[in-house]
Structure formats: structure tokens, C-alpha cells
Amino acid sequence: MSFLHLSLLAGLGTIAVPILLHLFGRRQPQIVDFPALRFVKETSQEQSSSWQLRHMLLLLLRILLLAALALALARPRVHSAMLGSVLTLSALAACGILASLIAAVAIVSRRPKSIWLTAAVIALALWIAAALWGIRAIASGPQVPSSDQTAPVAAVLIVDNGPTMEYRTDNATRLDIAKDMGRWILDQLPIDSHVAILTDVPVGTLALDPSTAKSQLKIIEARGGHVDLLGRIRTGLDLVLASELERKEIYVMTDLMSSSWSAAQADLPKMLEEHAAEVLVQLIDVGKEDTANYRLGNPIADFETVPVGGEVAIEIELFQPSGASRETLAIELIQEQIDPTLPVILDGKLKLAAQKVVDRQSAEFSESKTARVTLRARELAAGTHNFTIRMDAADPLANDNERYVSVLAQAQRPTLIVADDEGVGLNLQAVVDPQAVGASGGETTQVDRVSYAQLANVQIEKYAVICLYDPTPISTNMAQSLEEHIRRGAGLFLILGPGLGSLENVQGNPLTQLLPGEIAESASREVSQPTVYPEPVAITHPIFFALGQSPDEVLWNLYPVYRNWTFSALAEDVQTLIKLSDGSAPFLTLQNRGRGQILTLTTPIPEFDTAKRRIWNTLWVSDPIPAFAILLGAFRTLSGASQADLNYEVGQMVSLSNDSQDWPSRYDLYTPDVQLRRATAADGVLSLGEMERPGTYRLRGQLQEPILRAVSLNVPTSDTVLERMSETALEEQLGKGNYRVARNQDEVESSVGQARFGRELYPLLMVLVAGLFLGEQAMSNRFYKVKFR
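Structure report, in brief. (Residues numbered from 1 in each chain as written. Predicted model: local features only at pLDDT ≥ 70, side-chain atom pairs only at ≥ 80, totals over all residues. Heavy atoms only, no water.)

### Brief notes about the overall build of the protein
What the protein contains, in helices and strands, is 16 helices and 40 strands. Considering the protein as a whole, with its 789 residues, one finds that 46% of them fall into the buried category. (Helix = DSSP H or I, 4+ residues; strand = E, 2+ residues; numbered from the N terminus. Buried < 20%, exposed > 50% of the residue type's maximum accessible area, 1.4 Å probe, protein only.)

Given below as C-alpha cells:
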């Protein structure tokens, strides 16, 4: 315990006044021997004893009244954590006084010994308990903070700058309110305090003064993804504990949305509890309960790379706030035109190519407050296309009203399809490049078709991808040429079928050096036998990108395989992408050869003319969509077009493949917040690092001509859910009693004042003074009242 006005404790000397008046203020009575009173002598003595007890009680009340008043004026303070101990001690002392008075009255009134002895024992026990409790509280309790209000403070300010802090109310965002609160707190700190502002930048010491900290507070901007407030609190705790200053305070300005409190720190509650007496953790709630927010979900493009002239479909989900009555909402797909001269920064602004709305859909909300729409962009020219998805409903949180998508329209690298069946060749050509099928005489396409008889006359070096459909025996020179071409970086797609002939013929075929292992007899099954079907193994491989869904969601058992080639052993570097469900053989394999790759399909797709032979599978004849997706994925994988990953969430590491033959090694990177950076590729990879703001990041480089690339980043859908932390959830993350919550400056002042200077006992003592005064008045009137007759 400490006192704000220690000198006023001298007022305790006033308790001597009623004692002196009691001792010397009484007149000594004259003794008169009056025989008539001898019969009431005994009764008079008993009344005198009762009168003396009451007189002593009145004296005690006056002493206690003056002592309590002197203590109250001295403004005693205890640490907030000690308030419970002080109240308990006061209750024990009050009960001890009451028990002592009962014992005294019982003795004076000549009550039975059992009564006054019991009261005396209880009183003694209460006084001993009060003494022990007081000694324990003083010995183990925390010290009261310094009463010097000018003493410096070791302070850490943590500003929640997650995406929900951009929620706007009364023309100000929650982040603006938080920064204003931070500036006000800094104004209250003594000028020689040590301060740190914790954001995304690592901080090692409390190196700022309040004035400098205000400048740093001003430049804090909202992030595109949630922040780790618990991690920042842990860092702030380490910083203030390392300080030599007595006062240690951590302020957290937040809207208490769950997304910023999700990364739990297992040992944080225990640490806060250990240092609760010396470190104030003050949460300042700048959020509100009544919030409404329409929001867009994560956009999902069916393909991130498409053929030139193709289309892209983008599916997106919408979420409606509870209580909203709107039944429909318009969604627009806005496409940015490709202009090799843009973007540029002019007068501090980012000048972009023209944009236009290419699709508009009306979303109808279901009872679950959700809606789903599909937006399409068609006839995409070569290059990277940047799209913005926008809803027409404005609300207080704007950062989830728009989503961004980048799609690469890339011409298939020169491809050669070798097939004796003209229909099969046309279908494979249409899979690779739909425009190639409609090409008229004289027009050059990227996809050529030849038969095996013509293959010897083809210059295979000019083709990046070669497909051998149902290959027949080839020459040794052709096999060696293909091997060398693949090792230099080309791709080979082998679709095996009946053209290989018998096993004896295959073993003498030079083509075997391109197979993934030692070939064995082909497997054959009857229709009456149990169904054997393809079963994806490497479900995350880019070859499945064209399915538009996870490959394990396709009902593959609807596509039986009746015949396929098998291998007695596979090479060690062969990866099985799809196996057959009975485990007898692979369905599709991938093998790296030098810089190139070989994909091998053990049963023919597509399969047309089965009139003269038995059908091998039903992948094309029943429902060709999965088979088409596998073929397209194979061609795209070998061409390198399906390797691009152009869409990310904020906080993810962004990188692009950057083959020096196709892309420049240096780029100018234009960020959504109008910053220009330099980006350089290394080892075939262009690493852009971790981005903190949503939007489209545009790259411009130079090869023989300007090259434009882009990636899009979006705020994770879960990070803009307006779900507040409950009191129970906060206690689980920080520990009960280890923190304080305030919502405005008055509450902050009260909370911080109690933590900084302890809890004043003045109000409690004044209540005691009032009670003692009333008791003294009541007892005085019993002594000095005048009876009127």
C-alpha cells in the first residue's frame, strides 16, 4: 500500500482529542453519604457498568471516525491485483471487531461464561486470520506502481491493420480510428518514454520516443490479409520485459475480428499471467456489433492458361449479410485490353489499358444467404488477360467487393501429330488447337499432321511437342533422333495401341528405348469380367488442370478399360500419374529425359474405327470429356503452357516459371499501389516474393518486342468475415484476468489509471467514514438526549 498524500497521515494524531476529552473532561463527582440510597446501591453499580461500556463504544467510534477520515484524505492506493486481498482483510477485521464487541457486552451484562468465551474465541480467531492474511498479502502481493505520473513508460502500440480494419463508418475507417486512438495514447505518455510500434516490420527494441512514434503510426496501411495479433502481443511482451523502466504497457487497437486472432500462441496466456502484475495489456475495441457486408468469394477460373482464341469461365460465390433483404445482385466481369505500351506511371498515377465489361450476370441469393455465378470471356487473344470481378452493391467494407483474375492465352508450341487414322489425327489436332482444324489452304498453323509413312521426311527439330498415336515400328535412326530431340527439351506423347503388334514384334522395335520400362504382354479382359478403370494417383499434377475439378471427383468407374499394354518393370525415374484400378499396369506415366519429358498412355485415346478390331476402352465413346481433359492436359504439360500459376492469395509467395527461350530475364513490376520495382529471373524462375496488397501486379519486359505478364492477388475470403471474438474466445487466447478491454478514451483513462497508479481506497474509506459518523451521532443522542415533559 502507498499513499498519494503521505503527509496527511499526520492527521491520525487527532484521535488523541477524544481520548483526552474522555480522560480529563469528566468532572470528579463529590461523595455524599445519603443513607436513603443504600437500598439501590447494587442496582446503581450494574447500571454504571453498562453506562461505562456505552461510553467506551462512543469513544471508540469517535477514534475510528477520525482515523478513517485521516486515512481517506491521505488517499491510500493498492495494486489492482491486491484489491481482493484488501477487501477480504477488511471483512475479517470488521467481523473481528463485531465479535469483540459481542464478547465485551456479554461480559459487562454478566452473561453466562459460555457465551462471552465463545465470542472471545471467535474474535481472537478472526483477528489472527486477518493478521495472517495481511502478512501474506504484503509479502506475496505486487508492488504498487510509482505514484509519479511523470515517470517514463515502456510502451508498445499494436495496430490491427488487417482487411476488416478498412470497414468504414461515418467517413472514417476502423484503421483511422485506431491510429487516432494511438496518437492520443502517445500524447498521454511522458516525453521520455520508450515506445515501439509493431506492424509487419520486425522490431528489436523500444527505440522510439512518443513524438517519433506518432510519425510512424501515421504511415501504417491496411494489409490484404489477416495479421497475427497474438504473435505481435508476444513480441511486445518480450520488448517491455527487457526494458528497465518500471511502467510497462501494451496497447492493442483492434476491431476484435476472429481472423486476426486465429494463430494461437500456446505459451502466451501463461506468460501474461506470470507478468500480469507488472505489464498492462490494454485492448482497445474500435469495432462494432452491427455490421453488414456483402462479399465476393474466391474466384475460380476453369483454366489459368487457355489456347489463343479460346474462352475462360470464372466461377465465384457471393455472400449476403444476415438481415439483408436484397434478393438479387448484379456481378460484372471487366476485361483489361492488351496494350504493349502500358502500364506506365504518369504524375503519380498508374495508367492502364482500356477496360470493358465482357459479361454481366444476376446472382440470386438462396435461403443460406449465398449465390453462385459463372462469368465468361471469349475469343482471347495471345497474351495475359487481367480481369476484375465487381458487384454493384456498395457497402462499408470495399476490399471484398472486387476480385482479380489473370489468365494466359498462349498458342500451343509447334506440335506434330503422327497418326495413320485421319479421323483420329483431326480430333487430336482439334484438342491441341481448335483453330487449326478450320485452317484453310495457305494458312500456317501451329499443329501439323502426318502419317507414319511420312514421318521420315519430317524435320522433327522444329516441333516442341510430338505425339505418336498408336505407333507402328519405327527405324533406329528415327528413334535416336526422337531421343536426342527430347533430351534437348522437346516433349513426346506416346499413345500405345494395337499398332505395336505382338510382343515379339515389339521387342525388336527401336521404339522400346522411348518406353518407360520393359514392355510385357498386353492385358485383355472380357466385358463380363469385373470392371477395370483408370484411377488417378498424382492428383495434384498439372496434367489434370483441364478437368476443372479434382481428379478424384470424376466417376472413373464409368469408363472401363478392356485392353492395355503392361510393363514387367518401370524405370526408377518414371512417375505413374494414373494407374488401372486392379493394379495390373499403369494407365499414364511421365518420365524426364534430359531437359524433355515423355508421357506414355497404355491404351489408345481417342478410339474410332473398331469395326475391324475389338474395342480397347470406352473413354471416348461414352463421354469424351474426361478423355479430352487428359489429352489436353498432356499436350499442355509437354508444351509448358499449363505450368503457369497466375492467381494467388495475399500472403502467398509469388513465382512464375521463366524459360529464357520464351521470356525476358528482367522486368518492370507495377504494383496496385503505384510502385515501380525491378524483378529479375534466376534459374528459370521469376520470384516476386510475398505481396501484402490485393490487386493485379503487372510485369513488362523486353525480348524482341515488349512482353507483358501479370499475376493477381486476392484477399482470402475468410479474412473479411465480420465475426467478432467472444469474451470466452479472448480468455482462451490471452488468459482470464490478463488483459483489459476499453472502447473509448474515458474507459482507457480509467483502465490505464488503475493499472498505472493502483486502485484508490478513498471511495471505500469515505463510505466507512459516513457509517462511523452516523453511528457516532446515534450513540451521542442516546447519551445526551433531553426529555421534555
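Still more ground to cover, so stick around.
### Points about the sheet that holds strand β38 (residues 706-714)
The five strands are arranged β32-β38-β37-β34-β35 in an open sheet whose pairing can be described as mixed. Strand pairing shows two members of the sheet lacking a second neighbour, β32 (647-649) and β35 (676-680), which therefore form its edges. The mean inter-strand angle of the sheet, taken between neighbouring strand axes irrespective of direction, is 30°. Across eight bridges, strand β37 (residues 695-702) lies against β38 in antiparallel orientation. Bridged to R698 within β38 is A710. (Pairing = 2+ DSSP bridges. Axes fitted to C-alpha atoms, helices over the stretch in contact; angles between N-to-C directions.)

### Digging into the packing of helix α5 (residues 174-188) against helix α6 (residues 210-218)
Running from amino to carboxyl end, α5 crosses α6 at an angle of 175°, the nearest separation of the two axes being 9 Å. Relative to α6, the element α5 lies roughly antiparallel. Along the contact surface, α5 presents K179, G182, R183, L186 and D187, while α6 presents P210, A213, K214, L217 and K218. Of the residues belonging to the contact of α5 with α6, the class tally is four nonpolar, one polar and five charged. (Parallel < 35°, antiparallel > 145°, perpendicular 65-115°, else oblique. Contact = heavy atoms within 4.5 Å. Nonpolar A, V, L, I, M, F, W, Y, C, P; charged D, E, K, R; others polar.)

### Overview of the pattern of salt bridges
Two side chains with opposite charge may pair up if their charged atoms get near one another. Enumeration over the complete set of coordinates arrives at 23 salt bridges. E311 is the partner of R376 in a salt bridge, and the nearest nitrogen-oxygen pair spans 3.2 Å. With a gap of 65 residues between them, R376 in strand β17 (residues 370-377) and E311 in the loop between β11 (305-306) and β12 (312-319) connect regions that are remote in the sequence. Where K579 meets E535, a salt bridge forms, and the shortest distance between an N and an O atom there is 3.4 Å. Residue K579 is found in strand β29 (residues 574-580), and its partner E535 is found in strand β26 (residues 534-536); the two are separated by 44 residues along the sequence. On the basis of relative accessible area, E535 is assigned to the partly exposed category, the value being 28%. It is possible to trace a salt-bridge network through shared partners that takes in R326, E332, R360 and D392. (Salt bridge = Lys/Arg side-chain N within 4 Å of Asp/Glu carboxyl O.)

### Comments concerning the pairing of strand β18 (residues 383-391)
Most of β18 sits inside the fold, with seven of its nine residues counted as buried. Summarising the sheet, strand β13 (residues 328-336) and β18 pair through six bridges and their orientation is antiparallel. Looking at the pairing, Q335 lines up with F387 of β18.

### Let's talk about the pairing of β37
Of all eight residues making up β37, six are buried, and the element is well covered by its neighbours. The pairing of strand β34 (residues 666-670) with β37 spans four bridges and is antiparallel. The residue of β37 that forms the bridge with D668 is R700.

### Describing the packing of aromatic side chains
Inspection of every chain in the model, using the stated rule, returns three aromatic pairs. Measuring from centroid to centroid gives 6.4 Å for W556 and Y559, while their planes differ by 65°, and the two rings are edge-to-face. There is no split in this pair, since W556 and Y559 are both buried. A cation sits over an aromatic face here: R174 above Y167, 4.4 Å from the ring centre. The positively charged end of R295 is found above the aromatic ring belonging to F319, 4.2 Å away from the centroid. (Phe/Tyr/Trp six-rings, centres within 6.5 Å; stacked < 30°, edge-to-face > 60°. Lys NZ or Arg CZ within 6 Å of the ring centre and 35° of its normal.)

### Observations concerning the sheet that holds strand β3 (residues 153-159)
Within the open sheet, the five strands sit side by side as β6-β3-β7-β8-β39. Their pairing is parallel. A strand with exactly one partner marks an edge of an open sheet, and here the two such strands are β6 (194-198) and β39 (740-742). This sheet shows a mean twist of 20° between the axes of neighbouring strands, independent of strand direction. Taken together, the five bridges between β3 and β6 define a ladder with parallel strand orientation. If you follow L157 over to β6, its bridge partner there is I197. With respect to the sheet, α6 is in contact with β3 and β6, its orientation differing from that of β6 by roughly 10°.

### Focus on the nonpolar core
Nonpolar side chains in soluble globular proteins tend to end up buried together. I331, F493 and F587 are the most contacted members of the largest nonpolar core, which has 71 residues in total. With eight residues, the top contributor of residues to this core is helix α13 (residues 624-639). Discounting chain neighbours no more than four positions away, the residues touching F493 are I466, C467, L468, L588, L599, L601, L631, A634, F635 and L638. (Core = buried A, V, L, I, M, F, W, Y, C linked by side-chain atoms within 4.5 Å.)

### Examining unusual backbone geometry
A negative phi angle is the norm for most residues apart from glycine, just as the trans form is the norm for most peptide bonds. The peptide bond linking L342 to P343 adopts the cis configuration, its omega dihedral lying at 10°. Of note, P343 is situated in the loop between β13 and β14 (344-346). Looking along the chain, the bond that leaves I605 and enters P606 is cis, with omega of -5°. Its location among the elements puts P606 in the loop between β31 (596-601) and α13.

### Here's the deal with α13
For α13, spanning 16 residues, the distance from its first C-alpha to its last is 22 Å, which sits close to the expected 22 Å at 1.5 Å a residue. The element α13 is largely enclosed, with a buried count of 13 among its 16 residues. (Expected span 1.5 Å × (residues − 1).)

### A closer look at the environment of L117
Mapped onto the elements, L117 comes out in helix α4 (residues 113-140). Each C-alpha atom, one on L117 and one on A103, is 7.1 Å from the other, the two residues being 14 residues apart in sequence.

### Considering the packing of helix α9 (residues 422-432) against α13
When two helices pack together, their arrangement is captured by the angle between the axes and the distance separating the axes. The N-to-C vectors of α9 and α13 enclose an angle of 65°; their axes lie 9 Å apart at closest approach. For the element pair α9 / α13, the angle class is roughly perpendicular. For the element pair α9 and α13, the recorded crossing hand is right-handed. In contact with L428, V431 and V432 of α9, α13 contributes F628, L631, L632, F635 and R636. Grouping the amino acids of the contact of α9 with α13 by side-chain chemistry returns seven nonpolar, no polar and one charged. (Left-handed = near helix turned anticlockwise from the far one by under 90°.)

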